[in-house]
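If you want the building blocks of each chain, they are given just below.
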Amino acid sequence: MNLLNISGSPHVHSDESTKRIMWRVNLALVPALIVATLFFGVNALLVSLISVVSCVLFQWLIEKFILKVPSTIGDGSAIVTGLLLAFNVPASSSMLWIVIIGALVAIAIGKMSFGGLGRNPFNPALVGRVFLLISFPVQMTTWPKAASWFPTRFLTDADSGATPLGLIKEGVKSGQSIKDIMASADMPSLCDIFLGHIGGSMGEISALAILIGAIYLLCRKIISWHIPVSFIGTAFIFSGILWLISPDKFLDPVTTILTGGIMLGACFMATDMVTSPMARSGQLIFGFGCGLLTVIIRNWGAYPEGVSFAILIMNSVTPLLNRWCKPRRFAC
Amino acid sequence: MTNDILIAVAVLGALGILFAVVLFIVAQKFKVEENPLIDEVADVLPGANCGGCGKAGCRAFAEACVQQGNMEGLRCAPGGDAVAAKVAELLGCAVAQGEPQVAVVRCNPSCKGASRRSNYDGLRSCAFQNTVYTGESGCPFGCLGCGDCVAACQFDAIKMDPETGVPVVDADRCTACGACAKACPRRIIELRNKGRKDRRVFVSCVNKEKGAQARKTCDNACIGCGKCEKVCPMGAITIADNLSYIDFTKCIACRKCVVECPTHAIHDVGFPAPAKKPEAAPAPAPAAPQAAKTTAE
Amino acid sequence: MGGVHPEENKISNDAAIEVMPVGKQMVVLMNQHLGAPATPVVQKGDKVKVGQLIGEAQAFMCANVHSPVSGTVLKIDTCKDAFGISKPAVYINVEGDEWLETIDRTPDIKRECTLEPKEIVAKLKEMGIVGLGGATFPAHIKYSIPEGKKAEYLIINAAECEPYLTSDLRVMLEHAEEICIGISILRKALGVPAAYVGIESNKPQAIKVMTETASRFEGIVIEPLKVKYPQGAEKQLINAITGRKVPSGKLPIDVGCVVSNVGTTFAVYEAIQKNKPLIENILTVTGKELPSQHNYIVRIGTTYNEIIAHSIGQLPETTGKVISGGTMMGKAVANLDAPTVKGNASVLVIGEKEARRNPETACIRCGKCMNACPMGLEPYLFSALVKNGRTDESRQHNILDCIECGCCYFSCPANKPLLDEIRLGKNRVRAAMAAKK
């Protein structure tokens, strides 16, 4: 017979593991990937593939040759980073090589420089995305137009479209009122916005696909409702107040939460376990901050979209929130 | 354009000067008067902050030295005599003398002595494992092998031997700061005098069980038989609680007890390998590697 | 708040309690309870009968130890317990099965108890009764309410929320009336109007039988509880039944509660009504790998190996771990030659694959440990603080509130040995506090 194993209690473990969590997140991202492929064609798949492969490769190289530690690519976290990075860039052909740089920044600077999974203060995919946005402003804001309901193009970016938020920012800059812009022909309908038939980063276009993934994650208890609800809720209420004050200057709340990266950000990026607070109360504050900052940046900032910046800023507040927000003690 | 540059330079320059002035005033106003000798003493200390002296760190040790004015009862083990001499010179007092010491692990390698009887699968911490049970060897006094001592050592002087699961001290690196001895929950590690020519004899066991029980636990356990006590010419060996102990201040390293010990619990370190006797040529061949191993330790 | 749902695995539910025969030699440890060891009052060569006092409680925190067998005292020596630690013990050579005359061995149920509360407590002490829920706290101390405090609730813990264990369930099904008499006796000892029996609602049979039986008694209320681990933890149970919360560092009696395990109440019945000291355990022999599942009445002092040999012959080849207690809070047994002691509730055999812990990976700060913690603590934080030796801070974050239920390790996706680290931290905090004094 074998030697008896001895350890302190407990002697049983739930089947939970980091690997399992990460693969479930990957699964939850699939609906959004499918929608992106439907609207942007093979480019979307290619960009995602390149992003994922380069993220995994960079992590493997760094662990093998620089850190000299056993490889952890099997846990699937690099794949999550790769997918999220791809979801945050336009599905255009110039992205096929630019995204590799993004992957390098995301993995090398955003994650491994802090010691790898679990130690990074900022969401690595967003670090990569913001780096690309600043370094390649033209390519990062040239959006391929969403095709009609089936892929009509393959490797060409025949026409370029604008995101709804981009249209609004441009319009406001040129002195138009929001009402006029919303009424213009370029502006997609709410239904199109919800389903994802709009221009934009490839993963953020379809609120529906993102919600399907988010509901799956909620059911699997990988995320809790606190961050998404407080993020989207705050954005909705704050933009609603602004809209009530001046409907000419500010976008209505429904369009606000459905456009841009709010859905993707609130459900997948802000809920990243490593970079968000752990206590429920902290998560509510975190989501509130993200929502508030997003609306502020959108309305008064230089960029039409502010979700990435909002989440990164709140990431930096996370350690403080972890310190302040404690779970309720059973016995005081 | 040029104007813009000039304005920026001027503003930054002015701010720089302003802050410099503020810093200067603050530094002057809140200056802490401190004996400059403390800095000088701290400079000659090794700076490892090992805590072996019993103070919070090297600077605290320096403060204690300066405050006391001499080195009585204060000793920096890592620095040894060289540092002690330097500090004494700075303080203008006599050099504190101390016999150089080294950490000694008093447990026989478990794979040879006590066989593994279970498989510990919990937190890699001796302090914790000690609260769970007696350890993989089944010896309630033996080494637990999780390396709390290795983690405690600031000088990389103690390492786990992967083969035996018992730590090995690198005598050249060991500064006798005592951190490992404190970290060991079973008090196996002891600071002992390095001995003349680095030759030491010690009982490599701390098992206090009764003879028969100890023997059952480990082949190389000290069974407290007292043979070593009888053979020792210096009266350096005492038996208490079924365990023999060699007083290193009295031991002359004659090694009579090593030969006498029926369980080979007494180890000798630093002695040259025994010379092969020509008439006993067939016998010592298998014994030689074993002797070499103990010497290497 | 908090809690987890481990697989219940109550596979020995339907196995009726059998009586395990007595071996040839018995080793009775002198400290089978929380506190100081009892002092042996027999000598080598003495003849003893079943139920005879062999170890006397001389310290305050101590309990009497009685001979579980009849025979001759071989020697008084030390014996290694299940964890390999030597403890004082009395070795008895078994000869026949001769019981003390005072013990009532008839199967009749004796319902009347005329003893005064003080006499009940004195008899609990005489009979060496200890809490059988796991802590083996001497019962006479628990039922001597300190000056200035008043018991308002008697709570009987029949939650049995630990996976695998079924001994409490079987006792309830087979000895409901005796349990109710035992509860009435304890109620009388405390002078409280009602006793509340908490049973997890996954044991509908037990709830049914107990409710029927309790209806014939005065002041016994059966409370079905939500199924959740650790529902049977003292503080959680008090909260579920009374709504009160035991403050940090306080005892149940500080909020007017006394909690006893249901197994203890059966032992109390036998001790008070039948004059039978605590010399037997009701013990589950279970495990997925085992060919058969059992519940036994075992004389204290029977070794694990004897129990295994009698019940299943030998351990299966795939055995990875033998646990005394449940999978969440039980202790892994290292020495199968060790005698069982008061309060042992099971011999639980876990297969090789399940027994081995998965390798630890990096903490991903998911907060699952925090959400699972029934005490509202932050296990991940303790892990970091303990690793860095920051003892003071771990005390400030209330590490001593931890009830060691194991929910944190159970739910950790990174397989971090969180409870191990917390226990280490608690030991350090206690040592630091003792050093300060």
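Residues numbered from 1 in each chain as written. Chains lettered and ligands numbered in written order. Predicted model: local features only at pLDDT ≥ 70, side-chain atom pairs only at ≥ 80, totals over all residues. Heavy atoms only, no water.

### Some details on the overall build of chain A
Summing up its helical and strand segments, chain A has 15 helices and three strands in all. The C-alpha radius of gyration of chain A comes to 21 Å, within 12% of the 20 Å expected for a compact globule of 332 residues. Once the C-alpha set of chain A is aligned to its principal axes, its extents read approximately 80 × 55 × 30 Å. Evaluated residue by residue, chain A yields a buried proportion of 58% over its 332 residues. Restricting the contact set of chain A to residue pairs at least 6 apart, pairs at least 24 apart contribute 74%. When the accessible surface of chain A is split by element, carbon and sulfur atoms take 71% of a total near 13500 Å². Separation between the mean location of the 22 positive side-chain charges and that of the 15 negative ones in chain A comes to 13 Å. (Helix = DSSP H or I, 4+ residues; strand = E, 2+ residues; numbered from the N terminus. Rg over C-alpha atoms; globule rule 2.2 N^0.38 Å. Buried < 20%, exposed > 50% of the residue type's maximum accessible area, 1.4 Å probe, protein only. Contact = heavy atoms within 4.5 Å. Areas by Shrake-Rupley, 256 points an atom, 1.4 Å probe, with all protein chains shown as cover. Lys, Arg positive; Asp, Glu negative; His and termini not counted. Charge placed at Lys NZ, Arg CZ, Asp CG, Glu CD.)

### A closer look at the packing of helix α1 (residues 117–126) of chain C against helix α4 (residues 176–190) of chain C
Residue and element names in this part refer to chain C. One can describe the packing of α1 onto α4 by two numbers: an axis separation of 8 Å at closest approach and a directional angle of 120°. Compared by their axis directions, α1 and α4 come out oblique. In the crossing of α1 with α4, the sense of the turn from one axis to the other is left-handed. Across from P117, I120 and L124 in α1, the residues of α4 making contact are I185, L186, K188 and A189. Class assignment for the residues of the contact of α1 with α4 results in six nonpolar, no polar and one charged. (Axes fitted to C-alpha atoms, helices over the stretch in contact; angles between N-to-C directions. Parallel < 35°, antiparallel > 145°, perpendicular 65-115°, else oblique. Left-handed = near helix turned anticlockwise from the far one by under 90°. Nonpolar A, V, L, I, M, F, W, Y, C, P; charged D, E, K, R; others polar.)

### Focus on the sheet that holds strand β2 (residues 25–29) of chain C
Residue and element names in this part refer to chain C. Reading across the sheet, the four strands line up as β2-β8-β7-β4 and stay open at both edges, with antiparallel pairing between neighbours. Of all strands in the sheet, those bounded by a partner on one side alone are β2 and β4 (47–48). Note that strand β7 (residues 71–80) and strand β8 (residues 86–94) share nine bridges and pair antiparallel. If you follow K80 over to β8, its bridge partner there is S86. (Pairing = 2+ DSSP bridges.)

### Things to note about the interface of chain C and chain A
Between chain C and chain A, the contact holds 62 residues from the first and 36 residues from the second. Across the chain C to chain A interface the summed buried area is about 4300 Å²; carbon plus sulfur atoms make up 54%. When the buried surface of chain C facing chain A is broken down by residue, C:I364, C:R365 and C:F410 rank first, second and third, together holding 17% of it. In this assembly, chain C and chain A are joined by two salt bridges. Here A:K326 ties to C:E378 by a salt bridge, and the two come within 2.9 Å at their closest N and O atoms. At the boundary of chain C and chain A, one finds 22 residue pairs in polar contact (both at pLDDT 80 or more). Counting only elements with at least two residues in the side of chain C that touches chain A, the list comes to α6 (234–242), β15 (319–324), β16 (331–332), α9 (352–355), α10 (368–372), α11 (379–387), α13 (407–411) and α14 (418–436) of chain C. It is β15(C) that contributes the most residues to the side of chain C that touches chain A, five residues altogether. Among the residues forming the side of chain C that touches chain A, the class breakdown is 30 nonpolar, 17 polar and 15 charged. (Buried area = accessible area lost by both parts, 1.4 Å probe. Salt bridge = Lys/Arg side-chain N within 4 Å of Asp/Glu carboxyl O. Polar contact = N/O pair within 3.5 Å; in protein donor to acceptor, adjacent residues only side chain to side chain.)

### Concerning unusual backbone geometry
Between A:S9 and the following residue, A:P10, the backbone shows a cis peptide bond with an omega angle of -5°. Of note, A:P10 is situated in the loop between β1 (4–6) and α1 (18–40). Looking along the chain, the bond that leaves C:Y229 and enters C:P230 is cis, with omega of 0°. Topologically, C:P230 is positioned in the loop between β11 (220–225) and α6. Not every positive phi belongs to a glycine, and B:R187 is a case in point at roughly 55°. Its place among the elements puts B:R187 in the loop between α7 (179–183) and β5 (189–193). Of note in this structure, C:E404 is not a glycine but carries a positive phi near 60°. Looking at the secondary structure, you find C:E404 in the loop between α12 (391–396) and α13.

### Section: the packing of aromatic side chains
Given two aromatic rings, their pairing is described by the distance between the two centres and the angle made by the two planes. One pass over the full model with this rule turns up six aromatic pairs over all chains. Relative to A:F136, the ring of A:W97 has its centre 5.8 Å away and its plane inclined at 90°; by these criteria the two rings are edge-to-face. A residue pair is termed long-range when its members are at least 10 positions apart, and A:W97 in helix α4 (residues 95–111) and A:F136 in the loop between α5 (124–135) and α6 (137–140) qualify at 39 residues. With relative accessibility at 46%, the residue A:W97 sits in the partly exposed group. The exposure class assigned to A:F136 is buried, which follows from its relative accessible area of 15%. For the ring pair A:Y303 and A:F309, a centre distance of 5.3 Å and an interplane angle of 35° mean the geometry is tilted. With relative accessibility at 33%, the residue A:Y303 sits in the partly exposed group. Between C:K75 and the ring centre of C:Y91, over which it is positioned, the NZ or CZ distance is 4.5 Å. Sitting over the face of the ring of A:F330, C:K245 holds its NZ or CZ atom 5.2 Å from the ring centroid. (Phe/Tyr/Trp six-rings, centres within 6.5 Å; stacked < 30°, edge-to-face > 60°. Lys NZ or Arg CZ within 6 Å of the ring centre and 35° of its normal.)

### Side note on the interface of chain B and chain A
Taken together, the contact pairs 10 residues of chain B with six residues of chain A. When the two sides are added together, the surface that chain B and chain A hide from each other amounts to roughly 630 Å², 63% of it contributed by carbon and sulfur. Linking chain B to chain A there are zero salt bridges. At the junction of chain B with chain A, the criterion picks out four residue pairs in polar contact (both at pLDDT 80 or more).

Remember that the coordinates give geometry; whether it matters functionally is a separate question.
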